[in-house]
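Spelled out, the chains give:
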Amino acid sequence: MSATVSPTLVGQVVSELTRLPEEDLSLVVEFVEFLKQRRAVPTPQLSPAEMRAEAQRRATLLRDVPREEIVARVRELTEEIRQEAIAKGTAIEGDWRGD
């Protein structure tokens, strides 16, 4: 996360995440992992068809993962993000309920 990210933007993201059903959170985790990997190793631009195929491949990988494991992964990732926000001074105190 960039040092210039607005705390308001971070709060909006957290607020939106709390509104998602648990089964959709696994997609968020996979997307975050994809973004982290993309930053680590430059990859060529994918066509829309390639993106769709990659999304389907990743969805297939999660198909057999127990829901409890996905929820645990989301909670771990959320805590990591929270700790990073605290370290960078961008954390929002208390529960974010929206505007």
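What comes next concerns the included structure. (Residues numbered from 1 in each chain as written. Predicted model: local features only at pLDDT ≥ 70, side-chain atom pairs only at ≥ 80, totals over all residues. Heavy atoms only, no water.)

**Section: the overall build of the protein chain**
Then comes step 1: Counting secondary structure elements, the protein chain contains four helices and zero strands.
Then comes step 2: Helices and strands in the protein chain line up, N terminus first, as α-α-α-α.
Then comes step 3: Across the 99 residues in the protein chain, those meeting the buried criterion constitute 17%.
Then comes step 4: Carbon and sulfur atoms provide 57% of the accessible area of the protein chain, an area that totals close to 7800 Å². (Helix = DSSP H or I, 4+ residues; strand = E, 2+ residues; numbered from the N terminus. Buried < 20%, exposed > 50% of the residue type's maximum accessible area, 1.4 Å probe, protein only. Areas by Shrake-Rupley, 256 points an atom, 1.4 Å probe, with all protein chains shown as cover.)

**Describing the nonpolar core**
Side chains of a nonpolar character, in soluble globular proteins, are inclined to be buried together.
Then comes step 1: Counting seven residues, the largest nonpolar core consists of L25, V29, L62, V65, I70, V74 and L77.
Then comes step 2: When contributions to this core are tallied by element, the ones reaching two or more residues are α2 (22-40) and α4 (67-88).
Then comes step 3: No other element matches the three residues that α4 contributes to this core.
Then comes step 4: If we skip the residues at most four places from it in the chain, V65 touches I70 and R73. (Core = buried A, V, L, I, M, F, W, Y, C linked by side-chain atoms within 4.5 Å. Contact = heavy atoms within 4.5 Å.)

**A word on α4**
Then comes step 1: End to end, α4 covers 31 Å across 22 residues, agreeing with the expected 32 Å (1.5 Å per residue, within 8%).
Then comes step 2: Among all positions in α4, only I70, V71, V74, L77 and A85 are buried. Projected onto a plane normal to the axis of α4, the buried residues spread over an arc of 125° and lie on a single side. Opposite the packed face of α4, turned more than 90 degrees from it, sit the exposed residues E68, R75, E76, E80 and A87.
Then comes step 3: Residues of α4 that are buried make contact with α2 and α3 (48-62). (Expected span 1.5 Å × (residues − 1). Arc of directions from axis to C-beta.)

Any functional reading would require information that these geometric values do not contain.
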